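# Structure assessment
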Amino acid sequence: MASSSYSTFAINKGSFSPKVINCNKELMFNCSSCKNPFPLYTDFTKSRLLISNEKSKKWKQIQQLSLRSPIQCQALEIENTPSFTIGKKFNLDDVIEAQQFDRDILNAIFEVAREMEKIEKNSPGSQILKGYLMATLFYEPSTRTRLSFESAMKRLGGEVLTTENAREFSSAAKGETLEDTIRTVEGYSDIIVMRHFESGAARRAAATAGIPIINAGDGPGQHPTQALLDVYTIEREIGKLDGIKVGLVGDLANGRTVRSLAYLLAKYQNVKIYFVSPDVVKMKDDIKDYLTSRGVEWEESADLMEVASKCDVVYQTRIQRERFGERVDLYEEARGKYIVDQDVLQVMPKHAVVMHPLPRLDEITVEVDSDPRAAYFRQAKNGLYIRMALLKLLLVGW
Amino acid sequence: MASSSYSTFAINKGSFSPKVINCNKELMFNCSSCKNPFPLYTDFTKSRLLISNEKSKKWKQIQQLSLRSPIQCQALEIENTPSFTIGKKFNLDDVIEAQQFDRDILNAIFEVAREMEKIEKNSPGSQILKGYLMATLFYEPSTRTRLSFESAMKRLGGEVLTTENAREFSSAAKGETLEDTIRTVEGYSDIIVMRHFESGAARRAAATAGIPIINAGDGPGQHPTQALLDVYTIEREIGKLDGIKVGLVGDLANGRTVRSLAYLLAKYQNVKIYFVSPDVVKMKDDIKDYLTSRGVEWEESADLMEVASKCDVVYQTRIQRERFGERVDLYEEARGKYIVDQDVLQVMPKHAVVMHPLPRLDEITVEVDSDPRAAYFRQAKNGLYIRMALLKLLLVGW
Amino acid sequence: MASSSYSTFAINKGSFSPKVINCNKELMFNCSSCKNPFPLYTDFTKSRLLISNEKSKKWKQIQQLSLRSPIQCQALEIENTPSFTIGKKFNLDDVIEAQQFDRDILNAIFEVAREMEKIEKNSPGSQILKGYLMATLFYEPSTRTRLSFESAMKRLGGEVLTTENAREFSSAAKGETLEDTIRTVEGYSDIIVMRHFESGAARRAAATAGIPIINAGDGPGQHPTQALLDVYTIEREIGKLDGIKVGLVGDLANGRTVRSLAYLLAKYQNVKIYFVSPDVVKMKDDIKDYLTSRGVEWEESADLMEVASKCDVVYQTRIQRERFGERVDLYEEARGKYIVDQDVLQVMPKHAVVMHPLPRLDEITVEVDSDPRAAYFRQAKNGLYIRMALLKLLLVGW
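Residues numbered from 1 in each chain as written. Chains lettered and ligands numbered in written order. Predicted model: local features only at pLDDT ≥ 70, side-chain atom pairs only at ≥ 80, totals over all residues. Heavy atoms only, no water.

A complete count under the given rule lists nine cavities of 30 Å³ or more for this structure. When its volume is computed, the second largest cavity comes out at roughly 140 Å³. Lining the second largest cavity are 13 residues; nearest its centre among them are K154(A), T162(A), K154(B), K154(C) and T162(C). Sorting the residues of the lining of the second largest cavity by element identifies α2 (143-155) and β8 (159-163) of chain A, α2 (143-155) and β8 (159-163) of chain B together with α2 (143-155) and β8 (159-163) of chain C as the ones contributing at least two each. Tallying contributions element by element places β8(B) first for the lining of the second largest cavity, with three residues. Classifying every residue of the lining of the second largest cavity gives four nonpolar, three polar and six charged. (1 Å grid on protein atoms, 1.4 Å probe; cavity = no way out; pocket = protein on both sides within 12 Å on 5 of 7 lines; lining within 4 Å. Points joined across faces, edges and corners; volume = space filled by probe spheres on them. Helix = DSSP H or I, 4+ residues; strand = E, 2+ residues; numbered from the N terminus. Nonpolar A, V, L, I, M, F, W, Y, C, P; charged D, E, K, R; others polar.)

Now the structure itself:
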């Protein structure tokens, strides 16, 4: 942190621009109108210019400073050039939705996830994230997802603050806003993994927070890390993503998992998707239209056996009883219609795999578990690697 | 831990006194009536003489030994002189209530908190408390306070055992005493942070425990770390405590925060306090009488604008609906009466700040957040530094 | 991890046997029918032959591989000989029930527990289990037991994933099996400590898991670590187990603690057991018959004073109100019948001790606490050492 040189420039109200501060350095400011000298950090890993008086990795959007008058600043430049180069690697500030990832960034994340597999297998614990603190802010319990994130953080030497009780933040106060909660928690941690019951909550949190936010599911909205681990699993199991044939089976209307997966598969070449579902829970038109617009071949089928015989991946999902309300008869009918069992395995290619986001009930029979093509527990494990990769990327970069 | 010399002395039933063991050393005892030789540690950082057969930092009050007969002991002195000197620094065994702190000890704690700011900002994690284990024993949930303490402990390299479910201790047993619970938990940890629903619970715990207790709020009683962080924030923001003018606004009858703050401010010179509150939640006479007895100037005012124009600190608090019972009309009237908004900011001095213990509802409007004088999120962050300082002081000393 | 030599052998469907792979090494496989080369690890610390494609310490039972056709494998032997020798020390895969321990293994565990006492007392934190991750999977809350295990893990430098909310695993899915949950959680951790409401759940988990399982209580079934710490405490306090006289007092019908203790005491020589209980909660015949079959002397008594005057250990237990249903009168009568108080202490030998599994209500009066013979809080602390020992043994071996 040795000082090397000084430079002087003005930060005017509302006039920040990348041209004003275009070096890749940490700057120590002495402001004429500030109570104390304070450091400002610029962050060129973000597309927007960011500035902060917090420690490295905690960024405020410049807009939040709301300077009321021009500040004349003298900057003490500190030799501490980050190792990345702008444009060489992808920007990753937050993980909010599957749509934010393109093919290149997916490949780059998967490359890091492969490294994470090695770290987890070879050593009794890495220290890449030693000293970093992750807050798991869960407004509804999801033990499976929470443990996966917390394991990922701890496997990399990081620490965790955990709450499954995040609703208490607002209930105790009878109305604290999510934004206020985020501003408080970001003071205690370096990254927030958030589960919320409202669609869009993660985006609101990211807009407020100066530290990275990972969406661990927001209501009927997004669950992007699940989507990433699904695509990663296909690549790990099948060895490729271009040219694959995928059968999506079960509740395609309500499952955000299969919807996100279909969306991400559209980024690859020559993919063919089969939809196999009871009539009441068919894939909705928005995804079908999207696939068509991207030139992805798809078809609906009522014949699981035929689809299974042609696919690289049979992606089974659970029929969610809670979606059927009083219509237990419809639920029971839908539930029993497409079961992956020994008969399905018989017709599946040797190289194909069965996937499932878990938990499963009886839509995959237990006898399937012992078949090497049963990939769903490996898939759950891949969630660990994807989350390790994302935590590493968001906290210490590529 | 090399041994250096022996000394022999008697520990008689009920006759322990500082004169008997007046060295600043660890002592290894061979007792004639003890099953095994065991180490006894004396602790001169405590005003009472303490003795323990536990590892350093776990002290039993000598009274608990209840020796039934005189024990002739031979002490193996161990060269391990602590770095502190008796009388040079303040004793800090437990943190139970705001009243335990005088001006000198407040200053000393704030000095350590300033060091903590540097630690948190400059390094990816300190190791000062590596190997220490803090138990957060919460009999009622308070996620905000719990995360702040747990972050403080982990930022210093310590570890945490956590329960928000501490009522289960007694409910499962249908009546285990707090004392029994404390005796169990002190066997698992080095320090206990306790939140309880009963006033006085923290004091009872401290009387039982051989390890330090921090009161993280006991019912309508005390919440001393909040009081400390409030005073610390004023000093950090305004630069001084003597001679300041503070407006306490909102629910002054029920808020333990403002009551403790008023109490602590009385320790400083030439402080002026303004009370601004709806009639139904006015500051109670005990605090007013106390301030008067200490020569602190105070006055009540119904004019927030006028007070705000004169104060260094406007300390806003939430009107607590639960205090009004069925009288929703009174609540609504009280709640809307004094709001900190842009108009208040207009009249406030440039150097002044707005504080709030959080959570806030609409008693401070969101537009205030972007003003540099909005200090409430920095105030929350200062809670981290104060708690880091207290954990350090209680576990490893000055 | 340097490679040293190759050897080739066949793994045939269902034909694995210790003869096939009888070296004590890690093996890297290139399988003709496998997608990728993968390492297999053999584990000779387990009585059954195990094989895994996971990192060391995560074993799959060979049966789970369900090879559909013979695999011709080429093994790359890796120089990494573990330090243990087969047969020299005891195998310890899981901790499921008290019955799995014989006298020799109890002694060996106690020896390690003694080492753990030294570690906990002398150092600010051991790093024996650094990098290891323990999941506490509690299907019902038991804060006392959970904190004891988590403290044990952290005192040895290990990390913890915690859930008191494990029922959510199955409730969210409205029916996920325990087996599926275990397969998911074992992907996130190195050892699982499980509390469950169903007898036999721990055994089912161990049959599924490739990592060690510790039963932290499964319903009315087993709570083996409590049984171990009880026996350990007797040895620590009395100095021996052969020839001791133990009075078991209180609810002997429902307390799994006293039942397990009686079972384990039968492994020692010349033990005499006294049963002192209200008629409605007398010790059941199965244990009495077992003791008789093992040649252990026992008798029932209604005179606590007489028993106390003869015993080395008075083991008091709580009368569990919930067992009496509507019969509050019977409960109240049973509850007040045998109280350990000053009068009991008067007749007890000087060297004897009072034990209790905690929590206690008033079956031991508070005045007893200050007597050196009150061993129950030391007993709780011994639970820490026993759990440290078990975690060490299961994760890194003897």
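That covers the picture; the talk isn't over yet.
Turning our eyes to something else, we now look at the packing of helix α4 (residues 178-185) of chain B against helix α5 (residues 201-208) of chain B. Residues and elements named next belong to chain B. Look at α4 against α5: their axes get within 9 Å of each other, and the N-to-C directions meet at 50°. One finds that α4 runs oblique with respect to α5. The two elements α4 and α5 cross, and the hand of that crossing is right-handed. Counting all contacts with α4, which are made through L178, E179, I182 and R183, the residues of α5 involved are A201, R204, A205 and T208. When grouped by side-chain class, the residues that make up the contact of α4 with α5 number four nonpolar, one polar and three charged. (Axes fitted to C-alpha atoms, helices over the stretch in contact; angles between N-to-C directions. Parallel < 35°, antiparallel > 145°, perpendicular 65-115°, else oblique. Left-handed = near helix turned anticlockwise from the far one by under 90°. Contact = heavy atoms within 4.5 Å.)

Our focus in this paragraph is the interface of chain A and chain C. Each side of the interface is counted separately: chain A has 38 residues, and chain C has 34 residues. Between chain A and chain C, a total of about 3200 Å² is buried, with carbon and sulfur atoms accounting for 47% of that surface. Counting the surface chain A buries against chain C, the share from its top three residues, R144(A), L147(A) and R155(A), is 18%. Linking chain A to chain C there are five salt bridges. Of the charged contacts in the structure, one is a salt bridge between K154(A) and E159(C), with a shortest N-O distance of 3.1 Å. On the surface where chain A and chain C come into contact, there are ten residue pairs in polar contact (both at pLDDT 80 or more). Counting residues per element, the side of chain A that touches chain C draws most heavily on α2(A), which supplies nine residues. Along the lines of polarity and charge, the residues of the side of chain A that touches chain C split into eleven nonpolar, nine polar and 18 charged. (Buried area = accessible area lost by both parts, 1.4 Å probe. Salt bridge = Lys/Arg side-chain N within 4 Å of Asp/Glu carboxyl O. Polar contact = N/O pair within 3.5 Å; in protein donor to acceptor, adjacent residues only side chain to side chain.)

Before going further, it helps to spend a moment on the pairing of strand β7 (residues 133-138) of chain B. All names here are of chain B. Of all the six residues making up β7, six are buried; the element is thus mostly covered by neighbouring parts of the structure. Side-chain alternation along β7 places L133, A135 and L137 on one buried face and M134, T136 and F138 on a second face that is also buried. Pairing between β7 and β8: five bridges, direction parallel. Bridge pairing in β8 links M134 to V160. For the crossover that starts at β7, traverses α2 and ends in the parallel β8, the hand is right-handed. One ladder, built from five bridges, connects β7 with strand β9 (residues 191-196); its direction is parallel. Of the residues in β9, the one forming a bridge with A135 is I192. (Buried < 20%, exposed > 50% of the residue type's maximum accessible area, 1.4 Å probe, protein only. Pairing = 2+ DSSP bridges. Right-handed = clockwise from strand over helix to strand, strands pointing away.)

Here N165(C) shows up in the loop between β8 and α3 (167-173). Here the alpha-carbon distance between N165(C) and Y139(C), two residues 26 residues apart in the chain, equals 6.2 Å. Those residues in contact with N165(C), other than ones at most four positions away along the chain, are P141(A), T143(A), E164(A) and F138(C).

Take the environment of I192(A) next. All names here are of chain A. Positionally, I192 belongs in strand β9 (residues 191-196). The buried category is assigned to I192, whose relative accessible area is 0%. Sequence spacing of I192 and R323 is 131 residues, and the spatial spacing of their C-alpha atoms is 30 Å. Other than its neighbours up to four places away in sequence, I192 contacts A135, L137, I182, V185, E186, I211, P212, I213 and I214.

On to the relation of the copies chain A and chain C. For the pair chain A and chain C, the superposition axis carries a translation of 0.0 Å, the fit reaches an RMSD of 0.0 Å, and the rotation angle comes to 120°. Classification of the inter-copy transformation places it as that of a three-fold axis. (Least-squares fit on C-alpha atoms with pLDDT ≥ 70 in both.)

The next point concerns the confidence of the model for chain A. Overall, the predicted model of chain A reaches an average pLDDT of 80, with 76% of residues at or above 70. In this model residues 1-88 of chain A is a low-confidence stretch, pLDDT under 50, and it forms 185 contacts with partners more than four residues away in sequence or in other chains. (pLDDT = per-residue confidence, 0-100.)

With that settled, the discussion passes to the sheet that holds strand β14 (residues 313-316) of chain B. All names here are of chain B. Taken together, five strands build an open sheet; the order of strands is β13-β12-β11-β14-β15 and the sheet is parallel. Every interior strand has two partners, whereas the edge strands, β13 (297-301) and β15 (353-355), have only one. Taking each pair of neighbouring strands and ignoring which way they run, the sheet shows an average axis angle of 20°. Docked against the sheet, helix α7 (residues 256-265) engages β11 (245-249), β12 (272-276) and β14, running at close to 160° with respect to β11.

A word on the pattern of salt bridges. Throughout the structure, instances matching the rule amount to 87 salt bridges over all chains. In this structure, D362(A) and R335(A) form a salt bridge, with 3.1 Å as the shortest nitrogen-oxygen distance. With a gap of 27 residues between them, D362(A) in the loop between β15 (353-355) and α12 (376-396) and R335(A) in helix α10 (residues 328-337) connect regions that are remote in the sequence. A residue is classified by how much of its surface remains accessible, and D362(A), at 36% relative accessible area, is partly exposed. A residue is classified by how much of its surface remains accessible, and R335(A), at 25% relative accessible area, is partly exposed. R155(C) serves as the salt-bridge partner of D190(B), at 3.0 Å between the closest nitrogen and oxygen. Of this pair, D190(B) sits in the loop between α4 and β9 while R155(C) sits in helix α2, each in a different chain. In this structure R155(C) comes out as buried when scored by relative accessible area, which is 4%.

Residue L358(A) is joined to P359(A) through a cis peptide bond whose omega torsion reads -5°. Tracing the sequence through the fold places P359(A) in the loop between β15 and α12. Although it is not a glycine, L358(B) adopts a positive phi angle of roughly 60°. With respect to the secondary-structure elements, L358(B) resides in the loop between β15 and α12 (376-396). Although it is not a glycine, N270(C) adopts a positive phi angle of roughly 55°. Assessed through its relative accessible area of 67%, N270(C) is described here as exposed.

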